[in-house]
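Here's the letter readout for the chains.
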Amino acid sequence: MGLRWVGWALGAAVALALPQVLPLYFTHLVLLTMIYGLSAMSLDLLAGYTGLTSFGHAAYFGAAAYTVGILTTQHRVPPALAFPAGVAAAAALAAVYGLLATRAVGVYFLIITLALGMGTWGLAYRWSSVTGGDNGLPGIPPLELGLPWSTADPKHLYYLILVIFCLATFLLYRLVRSPFGLSLRGIRESEGRMRMLGYNTWLHRYVAFVVAGTFAGLAGSLYAFYNRFVSPPDLHIAASAEAVLMVILGGAGTLFGPLVGAGIVVFLRNLVSAYTHRWMLILGVVFVLTVMYAPQGVAGGARALWARWRGRAVTPPVAGPGKEPVAER
Amino acid sequence: MSAVCLRTEKLRKHYGGLRAVDGVDLEVRQGERRAIIGPNGAGKTTLFHLLSGEVPATSGRIFLFGQDITRLPSYRRTALGIGRTYQVTNLFPRLTVLENALLATFGLRREKYDPFRAAWQHRQALEDARRLLEEFGLWEKRDWPIGSLSYGEQRQLEIVLALAGRPRLLLLDEPTAGLSPAETQVVTRLVAGLDPQITVLLIEHDMDVAFQVAQRVTVLHFGRVLAEGTVDEVRGNPEVQAIYLGVGEL
Amino acid sequence: MQFWLTQLLNGLSFAALVFLLASGLTLIFGLMRIVNIAHGSYYLLGAYVALTVVQATGSFLAAALAGSLTVAAVGVVMQRAFLSRFYRAEQAQVLLTMGFSFIFADLALWIWGGDPHRLPTPRALAGSVDLGLTFFPTYRLAVIGVGVLVALFLWLLQERTRLGAVVRAAVDDQEMARGLGIHVDPVLTGMFAVGAALAGFGGVMGGPFLGVYPGVDSEVLPLAFAVVIIGGLGSLKGALVGSVLVGVLDNLGKALFPELSYFTLFVPMAIVLAIRPTGLFGRA
């Protein structure tokens, strides 16, 4: 048990020291990892824990980002208000889309979320008068919250986002260990059985959908203030697919796995883009390879190894006093 | 005279041309142990699906303690006191034994919506799960994944899940299927030892178990009730004997 | 009146394209329960290959053939070498097709560049037809005609031929079909190839008026999905009805409120979802 606390302390120390020690370039990458990691973790809630793989997750990320963009650049709304407005917009979108998407499960759910995601992209792309169309919305101001340090400096923004990220991750962590989180896994494993145990499974799925969209919106709002620019590619199916890849690469249903997956994708993309334009090709190849050879992802594989290691150390169970063994071996 | 627990009125389930359940009138009193028997394809499991609400009826009505539940979804029926086990083991494959039991004990509690406190911090639900698992000797294996349990233990966990909701009506679908004679005895004793207030409907192919446990028997054939009565009455019924000729001993 | 006729015909010609795409998609899904995300990139590849061939040979016919066959070949490889390894693992198959869609799209970008292109209209079908009320491009009328012919052909294939019966048997019960000595695997691969060829053919047909450019795959795919959601996955009739609906509405939308037109295409999809989640003609 003590080991865990040392691990957390070490991680915290690294996270805090990072921008002071490493080049700015890395700070940017870690920042992006936190933002996309949040989005990927929220997708994991839906895909990994509830068993509902959404191919339109970028819609909520993008809706929040665009809301921030529109409010700050077109209506002079102060960032401190635009930020929660973005999250609220994503939540509202998820609430509406969720009513449609939860009518279905399995592959139907997949294609419905895909269609809804691209439909939202179409809105961002064509509704030029509001969204800036192909050009997007440049000039988003920094997220000034009245703190003594200006978040125009990426190092300061890093700490702000770190705090928000940790808070959000904590909430998600509690959620997946809660009875509600357990119910989602139950639905993933056998929805019929859950209904027979008394669960209104539609309601659980819907709530999970909206919660996932809300956290994706939180990531999107952060993204808008980090990138200071939002454009249609942020909601494109490619963005949604990247989120799915992050979840699978990291390990679906592990919550922190997708964070690792996000890190891998962010770093890989930056590395690849320095040498070639063919990032999408590499993304596709990584996708195919992961599905074929590492479907459990990094965290999933680690868990399997851990379980096997522990399995060898488990002592055989002992029947309680006065109780006969109930099954033949 | 005890109350009527379950009553069905001309219950039907048609799949296009196939009449899986074809006008079943059933009346089961509270505390009764009723065996539902019949050859394969007679409609027994379909009947259970209709009673549990997992399959909507084509026509007819179902009453639970006088309340019309025909239109209610399965999770509402569970809240009203129906629990069931499945012919093909229907557990939560990638979860541990304890998690399976907890899902069952949370099922009818408001706490299942709690998004913040850890599941095992909910004392009552955990206690209920512990009690049930201990009764079946599965508590020591609570952290084991389902796949590590023997088939017999899995079937027992099935019953744990069904009992967790404190049902008034228990639907057991072939609880001894695939079990060894020793394991079958355990289940038989268990069912016999259930709270006498609980009404039990039991689908069984194993006639020994059925006749040991049940007071009354309903025989289904082609979706209809062929015969109904006490164990001896049904045993002695020539029609019933005829359909079982070559299928097994009565 | 003239406006409405033009809109209707525009919509129907677009519907024909969408039908080519959606019918292939629904065929593949109905048969193998594979949701082929790469279907949009099949459209893209078909159009690009046709572009190269027509630029080299001047023959639209050769281009159409080349486009369709190339995509069919790609489909065969994808299905045999990759998808068939994941029999019944639906999610894995979808993810694989998603990966492939990125590979194909980026390869196309690499080979043909980022500029938008338009396939030249075949000379025989150039010009316009006098329909009394208005003039309408001959080619687009031809596309409608082709769409109708393909629909008829597919229907006949499905309902009236021995091949159709074999396919339906394979769909209903693969094990049984195998047990009866029907070679299921070549049938599945063959049908996948047909579905892919339809998409590629759609790309060729759409080349002269929709054009081909990076991103067209991501734009048409959701439309095909909207069609199959409306019509019901696995239903040819559904694909036809859905395509007409989507095609006509798309044109109407573009004419009436262009800024929201792509988004509003998904409204009928939403309505159908709300009322009949499995689609108008779908089986669950």
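(A) Representation of the overall build of chain B. Broken down by element type, chain B carries nine helices and 10 strands. Against the globule reference of 18 Å for 250 residues, chain B gives a C-alpha radius of gyration of 18 Å, in line with a compact fold. With respect to the principal axes defined by its C-alpha atoms, chain B has extents near 60 × 40 × 40 Å. Every one of the 250 residues in chain B was classed for burial, and the buried ones make up 46%. Summarising the internal contacts of chain B: among those between residues at least 6 apart in sequence, 66% fall at separations of at least 24.

(B) Seen up close, the overall build of chain A. Secondary structure assignment for chain A yields 14 helices and two strands. Seen through its principal axes, chain A has C-alpha atoms that stretch 75 × 50 × 40 Å. The 329 residues of chain A split such that 54% are buried. Within chain A, residue pairs in contact and separated by at least 24 positions form 77% of the contacts whose partners lie at least 6 positions apart.

(C) Quick peek at the confidence of the model for chain A. All names here are of chain A. Mean pLDDT over chain A works out to 89, with 94% of the residues at or above the 70 mark. No element of chain A has a lower mean pLDDT than helix 14 (residues 297–313), which averages 75, and none a higher one than helix 10 (residues 201–227), which averages 97. Considering only residues more than four positions removed or in separate chains, one finds that residues 312–329, a stretch of pLDDT under 50, has 20 contacts.

(D) Main features of the interface of chain B and chain A. Each side of the interface is counted separately: chain B has 43 residues, and chain A has 29 residues. Breaking the side of chain B that touches chain A down by element, the ones donating at least two residues are helix 2 (74–80), helix 3 (97–106), helix 5 (151–163) and helix 6 (181–192) of chain B. It is helix 3 of chain B that provides the largest number of residues to the side of chain B that touches chain A, a total of five residues. Of the residues that constitute the side of chain B that touches chain A, the class distribution is 19 nonpolar, 12 polar and 12 charged.

(E) A look at helix 12 (residues 266–275) of chain C. For helix 12 of chain C, the complete set of buried residues consists of C:Phe266, C:Met269, C:Ala270, C:Val272 and C:Leu273. The arc that holds every buried residue of helix 12 of chain C, seen down its axis, measures 165 degrees, which confines them to one face. Opposite the buried face of helix 12 of chain C, at more than 90 degrees from it, the exposed residues are C:Ile271, C:Ala274 and C:Ile275. Residues of helix 12 of chain C that are buried make contact with helix 4 (79–101) and helix 5 (106–126) of chain A together with helix 9 (216–231) and helix 11 (261–264) of chain C.

(F) Seen up close, the domain arrangement of chain B. Residue and element names in this part refer to chain B. Domain assignment breaks chain B into domain 1 (1–81 + 167–250) and domain 2 (95–166). When each unit is reduced to the centre of its C-alpha atoms, the spacing between domain 1 and domain 2 is 26 Å. Across the contact, 10 residues belong to domain 1 and 10 residues belong to domain 2. When contributions to the side of domain 1 that touches domain 2 are tallied by element, the ones reaching two or more residues are helix 2 and helix 6.

(G) Seen up close, the interface of chain C and chain A. If you look at the interface, chain C gives 33 residues, while chain A gives 34 residues. If you list the elements that add at least two residues to the side of chain C that touches chain A, you get helix 4 (90–112), helix 9, helix 11 and helix 12 of chain C. Looking at which element gives the most residues to the side of chain C that touches chain A, the answer is helix 4 of chain C, with 15 residues. Of the residues in the side of chain C that touches chain A, the class split is 26 nonpolar, four polar and three charged.

(H) Representation of the sheet that holds strand 10 (residues 224–230) of chain B within the structure. Residue and element names in this part refer to chain B. Read from one edge to the other, the open sheet built from six strands follows the order 6-7-8-3-9-10, with strand pairing classed as mixed. The open sheet has two edge strands, strand 6 (82–84) and strand 10, and neither has a second partner. Adjacent strand axes in the sheet meet at a mean angle of 20 degrees when their direction is disregarded. As paired strands, strand 3 (residues 33–37) and strand 8 (residues 199–203) are joined by four bridges and run parallel to one another. By the bridge assignment for strand 8, Arg34 is matched with Leu201. Against the sheet, helix 1 (residues 44–52) contacts strand 3, strand 6, strand 7 (169–173), strand 8 and strand 9 (216–221), and its axis sits at roughly 150 degrees relative to strand 7.

(I) Inspection of the pairing of strand 3 of chain B at higher detail. Residue and element names in this part refer to chain B. Within strand 3, five of the five residues are buried, which leaves the element mostly enclosed by the surrounding structure. Relative to strand 9, strand 3 is paired through four bridges, and the arrangement is parallel. Within strand 9, the position partnered with Ile37 by the bridge is Val219.

(J) Examining unusual backbone geometry more closely. Residue and element names in this part refer to chain A. One non-glycine residue, Arg76, lies in positive phi territory at about 50 degrees. Its place among the elements puts Arg76 in the loop between helix 3 (58–74) and helix 4. Of the residues examined, Arg76 has 9 C-beta atoms within 10 Å and is grouped as exposed.

(K) Region of the structure containing the sheet that holds strand 4 (residues 59–64) of chain B. Residues and elements named next belong to chain B. Strand order in the open sheet formed by four strands is 2-1-4-5, and the pairing between neighbours is antiparallel. Edge strands, defined here as strands with exactly one partner in the open sheet, are strand 2 (18–29) and strand 5 (67–68). Where strand 4 meets strand 5, two bridges bridge the pair, whose relative direction is antiparallel. Directly across from Leu64, in strand 5, lies its bridge partner Gln67. Helix 1 contacts strand 1 (4–15), strand 2 and strand 4 of the sheet and is inclined by roughly 65 degrees relative to strand 2.

(L) Summary view of helix 10 of chain A. Residues and elements named next belong to chain A. Here helix 10 is 27 residues long and its end C-alpha atoms lie 38 Å apart, about the 39 Å a rise of 1.5 Å per residue gives. In terms of burial, helix 10 is a largely internal element, 22 of the 27 residues being buried. Positive phi appears at Arg228, one or two residues downstream of helix 10, with a value of about 60 degrees.

(M) Seen up close, the packing of helix 8 (residues 179–189) of chain A against helix 3 of chain B. It is the contact of helix 8 of chain A with helix 3 of chain B, at a shortest axis distance of 10 Å, that shows an interaxial angle of 110 degrees. The angle between helix 8 of chain A and helix 3 of chain B falls in the class roughly perpendicular. Crossing of helix 8 of chain A against helix 3 of chain B: the hand is left-handed. Between helix 8 of chain A and helix 3 of chain B, the contacting residues are A:Pro179, A:Leu182, A:Ser183 and A:Gly186 on the first element and B:Glu99, B:Leu102, B:Leu103 and B:Phe106 on the second. Classifying every residue of the contact of helix 8 of chain A with helix 3 of chain B by side-chain character gives five nonpolar, two polar and one charged.

(N) Spatial organisation of the packing of helix 1 (residues 2–32) of chain C against helix 8 (residues 184–210) of chain C. All names here are of chain C. Following both chains from N to C, one finds helix 1 and helix 8 inclined at 165 degrees, their axes separated by 8 Å at the closest point. One finds that helix 1 runs roughly antiparallel with respect to helix 8. Read as a crossing pair, helix 1 and helix 8 show a hand that is left-handed. The class makeup of the residues in the contact of helix 1 with helix 8 is 18 nonpolar, five polar and no charged.

Reading the values: rules and limits
- Residues numbered from 1 in each chain as written.
- Chains lettered and ligands numbered in written order.
- Predicted model: local features only at pLDDT ≥ 70, side-chain atom pairs only at ≥ 80, totals over all residues.
- Helix = DSSP H or I, 4+ residues; strand = E, 2+ residues; numbered from the N terminus.
- Rg over C-alpha atoms; globule rule 2.2 N^0.38 Å.
- Buried ≥ 20, exposed ≤ 12 C-beta atoms within 10 Å, placed from the backbone.
- Contact = placed C-beta atoms within 7 Å.
- pLDDT = per-residue confidence, 0-100.
- Nonpolar A, V, L, I, M, F, W, Y, C, P; charged D, E, K, R; others polar.
- Arc of directions from axis to C-beta.
- Domains from an automatic or database assignment.
- Pairing = 2+ DSSP bridges.
- Axes fitted to C-alpha atoms, helices over the stretch in contact; angles between N-to-C directions.
- Expected span 1.5 Å × (residues − 1).
- Parallel < 35°, antiparallel > 145°, perpendicular 65-115°, else oblique.
- Left-handed = near helix turned anticlockwise from the far one by under 90°.

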